[in-house]
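Tertiary structure, described
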Amino acid sequence: MTKKQTDPLERVAQDMKKCVKCGACRANCPAFSTFQREPATARGKVALAQHLAKGDITLDDGTYAAMSKCLLCGSCVDKCPNQVPTDEIVIAAREALAQRRGLTTFHKAVGQVIRNRKLMNFGALAAAVLGPVFFRKVPSTSGLRLRFPIPFLGGSRHVPQIAKKPFMKRHPEVIKGEPGKPTIVFFVGCMTNFVYTEIGEATLALFRHLGCTVIIPQGQQCCGLPGMSGGDLNTVRELAEQNLAALEKYPADYVMTACATCGGALHKLYPLVIGKRNPELKERLQALADRTVDAAVLLQKLGLHPEETGAAEGMRITYHDPCHHRTAGIAKQPRALLKETPGLELVEMEGADRCCGLGGTFNVYHYESSLDINAGKSAAIIDTGADAVVTGCPGCIMQLSDGLKQAGDKTRVLHTVELLARKIRS
């Protein structure tokens with residue numbers, strides 16, 4: 001075994017020693033709530049990673065499956081008395097598995113697609129059309145689903161429509177604002193660009209209302225988190241470098257995103273994961289992280305008055321906290337803006353900050369378990385009697401929409417900016 005192969009786990013060796021196997025993670029782990037098996041817990045994955053580092057376990061489908069049962073939601077990290085960074089350990093373990101065993105066919109395809117924007121639209125459409133043909137007769141317990149899954153499929157899965165024209169193709173790269181007002185670089189994100197383009201339009205409308213100059217760099221790429229989920233850190237590094245080049249091109253006051261996942265990548269995971277592996281990029285990645293801000297946080301900071309821009313119709317809403325917002329301490333800002341919006345009644349749901357069960361590729365490999373986690377969230381939303389559930393992550397929007405439709409409920413799922421911009425976009 002070469003040093004290169006063991007490097008990922010060597011980097012987190014000291015962190016793994018912090019875990020005393022107390023089991024506090026069990027009560028806070030959404031994966032354990034559905035699988036009810038020790039390998040699904042944070043301490044179980046730490047123990048598995050320790051054995052991987054020693055090389056004393058077999059790298060079979062069972063090992064891969066056990067390490068795949070993590071949403072990287074950070075709930076265990078939040079509650080750990082020893083502050084064990086289990087999310088970093090899981091990412092390192094998945095990288096080690098990819099180095100030793102090779103990327104799965106699915107993650108090879110993911111890497112190829114997210115490195116090429118022209119392929120992304122085709123890839124999503126092809127997966128939706130061809131997936132049921134290939135996997136209709138494959139049992140849900142088969143190891144084939146772990147090695148060769150196709151995303152967004154299943155007989156009952158509700159899939160959002162791909163936009164006919166991506167958001168980034170609808171606008172020039174530089175949209176001039178008023179003199180003296182902030183300049184903002186908009187990191188759009190794949191879901192907003194290709195699926196929920198209305199989120200991009202609402203975000204742009206709000207910052208133009210504030211007089212900001214908005215720059216939409218055409219060279220920006222996927223943030224890379226789908227690759228990170230599968231241990232493909234080479235692809236993530238490549239994308240991080242391309243995004244650095246695109247986002248550094250223009251001097252700006254802020255780098256803004258309306259996607260909690262993309263914000264989590266740029267603000268936390270780039271410097272924490274890619275920076276540690278690539279010291280030559282660390283300073284630039286940290287500088288990008290320091291400039292990155294969520295749309296709701298920035299709108300509040302710049303003094304948006306929701307009564308001028310937001311919904312005027314009577315609507316009862318509830319709010320779901322994306323995991324990447326929870327771990328970044330973003331909870332009060334979007335709620336404050338929504339409470340100031342005319343016609344909105346905000347009612348808190350039980351467990352608003354609990355994971356919705358998406359977890360990136362977790363939803364691909366373990367769809368039924370993902371829905372099982374999401375069922376509790378759907379029930380909490382329905383119990384509020386809300387007309388709509390609001391959140392700050394396009395991925396969560398897709399997951400929440402699917403869960404509510406599976407439950408036969410018609411509650412709408414909206415992004416925060418859609419309500420904040422309703423008056424100026426009507």
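Just above, that's the structure.
So, here is what we can say about the structure in this document. Predicted, not measured: the structure shown is a model, and the values here were computed from it.

1. With respect to the side chain of Thr 341
Note that Thr 341 resides in the loop between α20 (332–339) and β7 (344–346). If near-sequence neighbours (up to four positions away) are discounted, Thr 341 is found in contact with Pro 306, Gly 310, Ala 311, Leu 419 and Leu 420.

2. Let's talk about unusual backbone geometry
The phi dihedral of Lys 21 is positive, around 60°, even though this residue is not glycine. Here Lys 21 shows up in the loop between α2 (13–17) and α3 (30–35). Backbone geometry at Gln 36 places phi at a positive 55°, although glycine is not the residue there. Checked against the element boundaries, Gln 36 lands in the loop between α3 and α4 (42–54). A relative accessible area of 45% means that Gln 36 is categorised as partly exposed.

3. Focus: the sheet that holds strand β8 (residues 388–391)
With parallel pairing, the 4 strands of this open sheet are ordered in space as β7-β6-β8-β9. In this open sheet, the two strands that pair with only one neighbour each are β7 and β9 (412–415). Across the sheet, the mean angle separating the axes of adjacent strands is 35° when strand polarity is ignored. Bridging between strand β6 (residues 315–319) and β7 involves 3 bridges; their strand directions are parallel. Bridge pairing in β7 places Met 315 opposite Leu 344.

4. Notes on the environment of Pro 182
Topologically, Pro 182 is positioned in the loop between β1 (174–175) and β2 (183–186). A residue is classified by how much of its surface remains accessible, and Pro 182, at 18% relative accessible area, is buried. Between the alpha carbons of Pro 182 and Cys 212 there is a distance of 5.2 Å; along the sequence they are 30 residues apart. Ignoring any residue separated from it by four or fewer positions in sequence, one finds Pro 182 in contact with Cys 212, Thr 213, Asp 253, Tyr 254 and Leu 302.

5. Considerations on the pattern of salt bridges
Think of it this way: side chains of opposite charge can pair up when their charged atoms draw near. Scanning the model with the defined rule gives 17 salt bridges in all. Arg 11 is the salt-bridge partner of Glu 95, the closest N and O atoms lying 3.5 Å from each other. Separated by 84 residues along the polypeptide, Glu 95 in helix α7 (residues 86–101) and Arg 11 in helix α1 (residues 3–11) bring together distant segments of the chain. With relative accessibility at 35%, the residue Arg 11 sits in the partly exposed group.

6. So, the pairing of β2
Covered by surrounding structure in β2 are Thr 183 and Val 185 together with Ile 184 and Phe 186, the residues of both alternating faces. Direction of pairing for β2 relative to strand β3 (residues 213–215): parallel, over a ladder of 3 bridges. Looking at the pairing, Ile 184 lines up with Val 214 of β3. By the bridge criterion, 3 bridges tie β2 to strand β4 (residues 254–257) in an arrangement that is parallel. Bridge pairing links Phe 186 to Met 256 in β4.

Reading guide: rules and limits
Residues numbered from 1 in each chain as written. Predicted model: local features only at pLDDT ≥ 70, side-chain atom pairs only at ≥ 80, totals over all residues. Heavy atoms only, no water. Helix = DSSP H or I, 4+ residues; strand = E, 2+ residues; numbered from the N terminus. Contact = heavy atoms within 4.5 Å. Buried < 20%, exposed > 50% of the residue type's maximum accessible area, 1.4 Å probe, protein only. Pairing = 2+ DSSP bridges. Axes fitted to C-alpha atoms, helices over the stretch in contact; angles between N-to-C directions. Salt bridge = Lys/Arg side-chain N within 4 Å of Asp/Glu carboxyl O.

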